[in-house]
Amino acid sequence: MFRSRSWFGGGWGRPKNPHSLEHLKYLYNVLSRNQTVSEHNRGLLVETLRSIAEILIWGDQNDSSVFDFFLEKNMLSFFLRIMRQRSGGSSFVCVQLLQTLNILFENIRNETSLYYLLSNNHVNSIIVHKFDFSDEEVMAYYISFLKTLSLKLNAHTIHFFYNEHTNDFPLYTEAIKFFNHPESMVRIAVRTLTLNVYKVEDASMLAFIRDRTAAPYFSNIVWFIGKHIQELDVCVRNDADHQSQNRLSDLVAEHLDHLHYLNDILCLNITDLNQVLTDHLLHKLLIPLYIYSLSTVRKPTGGVEAITKALNQKLNLNESSSNGGIPHEPSTGKVSCVVALFLLSQVCLIISHSPVVQTVAWIVLKSDRSIYDKGVEKLLEAYENEMKRNGKNEEASGSESSFKDDVVEEHKNITDEEKQRLATTPTESESVSEKPFLETVYNALDCSENDYAALFALILLYAMAYNKGIMPDINEQVLRPKKTYTSKTSSRDVRYTYNTYLVDKLLYIVLLSCQPSCRVRLVTLELALKLLVQLVMADGKSVLLESHKSTIESAKTQSTALLRNFYKSEEIFLDMFEHEYCDMSKTSLNVEWLCMDSAILLPPTGTPMTGIDFTKRLPCGEVERARRAIRVFFLVRNVVLTLNGEMETQLPLTNPQSCVQIDQALDLSISRYNSDLIACTVLWKDGTKTRRFLVIDVLQLILVEPDTKRLGWGVAKLVGFLQDIEVTGDKDDSRCLHITIHRPLSGTTTNRVPLLSAKFVFDDNIRCMAAKQRLTKGRIKARQKKMQHIARLLEIPGQSGPPSPAFVGGGIYNRSAGRGLRDRPFGLSRGPGFATPRWESPPGVTHRTDESRRHRDSDPKNLKKDDRTPNRSRDSSSSRTKSREGSPRMPRPRSEEIPLELIKKASNSVIDMTPKIAIVPRPQLKEESEEVEKKPEEEVSISSEETSFIASERRNSKKGGNIETV
């Protein structure tokens, strides 16, 4: 009645220390008394097995007598006895038993202890035991146990698993039975186990694998991959509407796993295994299924439209009713051309074993139609004969004779272009139509309708060009420039030739991408440009013909014109321009990662609802078309610079080296920072207050903390770009501003995470108004300066920058909008290219102050170094006076009108007798633009005394005597 609920029946006689030899003896007694599994004692046995594993791991590191007792009592025999029982609850105990063994072998570090456990062949008996694999938990722990054992394999432990006398290897033979298991975890574990086995350098074991299991195992692998490819092809045909992306993604990932697994086996360089595996891959998978599927699309005599029609028919679900509605024909064993190009691309990107990829490349690039019609065996035989012929030629020819073979006979009295044409004629004379597989690849490059097949053809050519396992002789002249010598006496006279036919195809794609309504995706354009550079760059320089140079320059002009159509004054254009450049600079196209994306297997779509990356689909809407035009401009511009051997000097728009960084020490005594120094208190959202000094630089807003070590210096505690700020006043407190600094745009979304969002409290409302004005002006000026830079990049004629919305008031003059970007408050606008207010004075008034100032500024003798500062201050005062004169006012008296004789003398001037305010475009002069560029500090220099404009007004009133009436 008082029976304990513990698994061990109350604990009488149970050692208090669970990590001790006595406790193991106690557990041994428990196993001895419960050798038959039942519903009543299965919980006790599970807890006992778990405790045994714990004690053995402790003994492995602390007490060797624990393993001595374990072996003395042969406790593994209890494990076998429990597994072989079929009574109720045995499956539950088997799960714990496999888990115990897995934990035990995974954590043991002492080799002697490991040898103890592997002795007596009990582990092999556990491996071959017929478990109930319908139980997912049993299957998972069993395969995990086998994988753990494979990790312990080496030249010493291999003899515990492979019996050379009986020629038996249960660990390997039992594991490969689950190669095609439905669970991906099981398949991955089997691949890991087989690789661990192949790595062991034991001749007898490898001979057993080669003779007994290699052929059937590799044959099954190839068969399963082929079946898997047929499923992938059906999925591509049936998912034109992008409804089964998850299923397609799983199939592509599985094919990648297969290829990586095969490549891992080949990279072990086990000659016997590689020979068997290569033979199966070429004869049963790569050539008959992958390569021969390319020949399903033949170029009809009708032209490009016929090719597109044939492709569409091949991928049409209602292609033929003779096969019962099944998209592919199982009897032929072929897949669609697009899928075949995609699969071959993955093969050439992943597998680097030379006998495999070199054979594939030679067949695709150089096999003849007469050989192709004879079948797979003849193709392989032709390749082997070609390799033997090349080998004999290399042995027979020395360095001198090989140099002479590459010499092009010098023709006199002909131009260089004719010489190059003669050099390329022998290669191009071979008709592409005689090479069926290469013809299909070239035909797929046509993007008149879309770039569906062109993307895969480009990936395949790119992969073969960069695969290290393919000899240069195969790629030369097709995918790489060919070097030829024009002189028999000197090796310096070198001429390069390249595949002009393929370059024409690539340049056509580039030109097509620069059209407004093309259906070429950005990833296709970028890959075409990468391949173009690969084809025409040799020894670090471009070998392009003049005709091709003019074509790529024309593409650059068209891409600039395309982007010029989207050049606007809206703020989103500048944000997009900088974001796209930053995004393209951070990440370059990774072709191998591109082939991992199953979305490219589906027809190109233009909707972002599919979740496909922007570069891998067509643009949707005006914003995405603008983004695409920006990227096309960057891509083509970069390639032109590369081909011309030039460095980028105009991008990015903001030079990071000239920007202030956080924790950077600033000398606040210089005019760059001192003129804009405003004290303020920053109220953060969490309620904390911080005293800072606000500095407005050319492009940045800086919060400065005074440096405690150096007088007159400060440390930048927060830095943000002026172009990304938002400033709003506080309705309740005229001394407060709410300032938000956004982070740079990270995508097309407008939800930008702010870098700073806080309340700024100034000493008085005058300083608050000055700070708001400077921040607003700084933001406008920073954006305007960058837009002018973009305008110069796009070669927009007649302007250096677009009008800013802040300067346009719908035809009604506004004082705050009409003020320009001068450095002091209330200054007149000097923004280039903007509409500026002009007061047309009534007749009879001559402003001699302004006239004398213009003469003084135009006279170079007066621009002395000592006189620049006072002239600038007088300029500022004059500009402030004129800004107040820009407001509407009553006409002057008749006595101030200009006499008739003065009007006759000023024949070139236009004087309207009616006083009015007119907004006229102010042309950008070359001298003014140069002056603005030469004086960046003067553009943003604001007086540190925020109320200086009051004193300036008083001084200007005293100077009123300079205005005389004629």
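Asks: Quick one: what's the story with the overall build of the protein chain, residue by residue and with numbers?
Replies: Scanning the protein chain for helices and strands turns up 39 helices and 16 strands. Scored against the burial criterion, the 966 residues of the protein chain give a buried share of 48%. If you sum the accessible surface of the protein chain, you get close to 48300 Å²; carbon and sulfur atoms cover 50% of it.

Asks: Tell me about the nonpolar core, residues and numbers included.
Replies: Within the largest apolar cluster, 199 residues are counted, with the highest numbers of intra-cluster contacts made by Phe 145, Phe 169, Tyr 198, Tyr 290 and Met 464. Once residues within four sequence positions are removed from consideration, Phe 145 is found in contact with Leu 98, Leu 101, Asn 102, Phe 105, Val 123, Ile 126 and Ile 127. Residues Leu 694, Ile 696, Ile 739 and Ile 741 belong to the second largest nonpolar core, which totals 23 residues.

Asks: Help me get a handle on the packing of helix H12 (residues 203-238) against helix H13 (residues 245-267), residues and values and all.
Replies: The N-to-C vectors of H12 and H13 enclose an angle of 155°; their axes lie 10 Å apart at closest approach. The orientation of H12 relative to H13 falls into the category roughly antiparallel. Here the hand of the crossing between H12 and H13 comes out left-handed. Each of Tyr 217, Phe 218, Ile 221, Ile 225, His 228, Ile 229, Glu 231, Leu 232, Cys 235 and Val 236 in H12 lies in contact with H13, whose residues at this interface are Arg 247, Leu 248, Leu 251, Val 252, Glu 254, His 255, His 258, Tyr 261, Leu 262 and Ile 265. Tallied by class, the residues present in the contact of H12 with H13 amount to 14 nonpolar, three polar and three charged.

Asks: Residue-level account of the packing of aromatic side chains, with values.
Replies: The description of an aromatic ring pair uses the distance of the two centres, along with the angle that the planes make with each other. Summed over all chains, the structure comprises 32 aromatic pairs. Considering the side-chain rings of Phe 133 and Phe 178, the 5.3 Å spacing of their centres and the 75° angle between planes classify their relative orientation as edge-to-face. Taken together, the positions of Phe 133 in the loop between helix H7 (122-127) and helix H8 (136-150) and Phe 178 in the loop between helix H10 (170-175) and helix H11 (184-198) put the pair 45 residues apart, joining distant regions of the chain. By relative accessible area, which is 28% here, Phe 133 ends up partly exposed. Residue Phe 178 is classed as buried on the basis of its relative accessible area of 13%. Look at Tyr 172 and Tyr 217: their rings are 6.4 Å apart centre to centre, the planes differ by 75°, and that puts the pair in the edge-to-face class. One end of the pair, Tyr 172, is in helix H10; the other, Tyr 217, is in helix H12, and 45 residues separate them in sequence. Take Tyr 172: its relative accessible area is 0%, and that puts it in the buried class. Three or more aromatic residues joined by ring pairs make a cluster, and in this case those are Tyr 162, Phe 169, Tyr 172, Phe 179, Tyr 198, Phe 208, Tyr 217, Phe 218, Trp 223, Phe 224 and Tyr 261. Taking NZ or CZ as reference, Arg 627 lies 4.1 Å from the ring centre of Phe 614, over its face.

Asks: Break down unusual backbone geometry for me, with residues and values.
Replies: Here the amide bond leading from Leu 651 into Pro 652 is cis, since omega sits at 0°, within 30 degrees of zero. Relative to the assigned elements, Pro 652 resides in the loop between helix H30 (621-644) and strand S5 (665-667). At Asn 269, a position not held by glycine, the phi torsion is positive, near 60°. For Asn 269, a relative accessible area of 59% translates into the label exposed.

Asks: Tell me what's going on with the side chain of His 129, and back it up with residues and numbers.
Replies: With respect to the element layout, His 129 can be found in the loop between H7 and H8. Here His 129 falls in the buried class, since its relative accessible area comes to 12%. Polar contacts involving the side chain of His 129 include one to the main-chain carbonyl oxygen of Met 83, which spans 3.2 Å. Among residues more than four places away in sequence, those in contact with His 129 are Met 83 and Arg 84.

Asks: Describe the pattern of salt bridges, naming the residues involved and giving the relevant values.
Replies: Under the criterion given, the structure shown has 33 salt bridges. Salt-bridge contacts for Asp 211 lead to Arg 210; the nearest nitrogen and oxygen are separated by 2.9 Å. In this structure, Glu 546 and Lys 549 form a salt bridge, with 3.7 Å as the shortest nitrogen-oxygen distance. On the criterion of helical spacing, the pair formed by Glu 546 and Lys 549 is a turn pair, its members being three residues apart in helix H27 (residues 546-564). Taken together, the salt bridges that share partners define one network made up of Arg 187, Arg 191, Glu 254 and Asp 257.

Asks: I'd like a rundown of the sheet that holds strand S6 (residues 678-683), residues and numbers included.
Replies: Sheet strands pair via backbone hydrogen bonds, and the direction of the pair is either parallel or antiparallel. With respect to topology, eight strands assemble into an open sheet ordered S5-S9-S8-S7-S6-S12-S11-S10, the strand pairing being antiparallel. In this open sheet, the two strands that pair with only one neighbour each are S5 and strand S10 (725-729). Within the sheet, the average angular offset between the axes of one strand and its neighbour, ignoring direction, is 40°. The pairing of S10 with strand S11 (residues 736-742) spans five bridges and is antiparallel. Bridged to Val 727 within S11 is Ile 739.

Asks: Please provide a residue-by-residue account of the pairing of strand S9 (residues 713-721), values included.
Replies: Alignment of S5 against S9, held across three bridges, turns out to be antiparallel. In the strand pairing of S9, Leu 666 is matched with Gly 714. Hairpin connection, strand S8 (residues 700-706) to S9: the antiparallel pair is bridged by six residues, and Gly 712 has positive phi, about 85°.

So, how was this worked out
- Residues numbered from 1 in each chain as written.
- Predicted model: local features only at pLDDT ≥ 70, side-chain atom pairs only at ≥ 80, totals over all residues.
- Heavy atoms only, no water.
- Helix = DSSP H or I, 4+ residues; strand = E, 2+ residues; numbered from the N terminus.
- Buried < 20%, exposed > 50% of the residue type's maximum accessible area, 1.4 Å probe, protein only.
- Areas by Shrake-Rupley, 256 points an atom, 1.4 Å probe, with all protein chains shown as cover.
- Core = buried A, V, L, I, M, F, W, Y, C linked by side-chain atoms within 4.5 Å.
- Contact = heavy atoms within 4.5 Å.
- Axes fitted to C-alpha atoms, helices over the stretch in contact; angles between N-to-C directions.
- Parallel < 35°, antiparallel > 145°, perpendicular 65-115°, else oblique.
- Left-handed = near helix turned anticlockwise from the far one by under 90°.
- Nonpolar A, V, L, I, M, F, W, Y, C, P; charged D, E, K, R; others polar.
- Phe/Tyr/Trp six-rings, centres within 6.5 Å; stacked < 30°, edge-to-face > 60°.
- Lys NZ or Arg CZ within 6 Å of the ring centre and 35° of its normal.
- Polar contact = N/O pair within 3.5 Å; in protein donor to acceptor, adjacent residues only side chain to side chain.
- Salt bridge = Lys/Arg side-chain N within 4 Å of Asp/Glu carboxyl O.
- Pairing = 2+ DSSP bridges.

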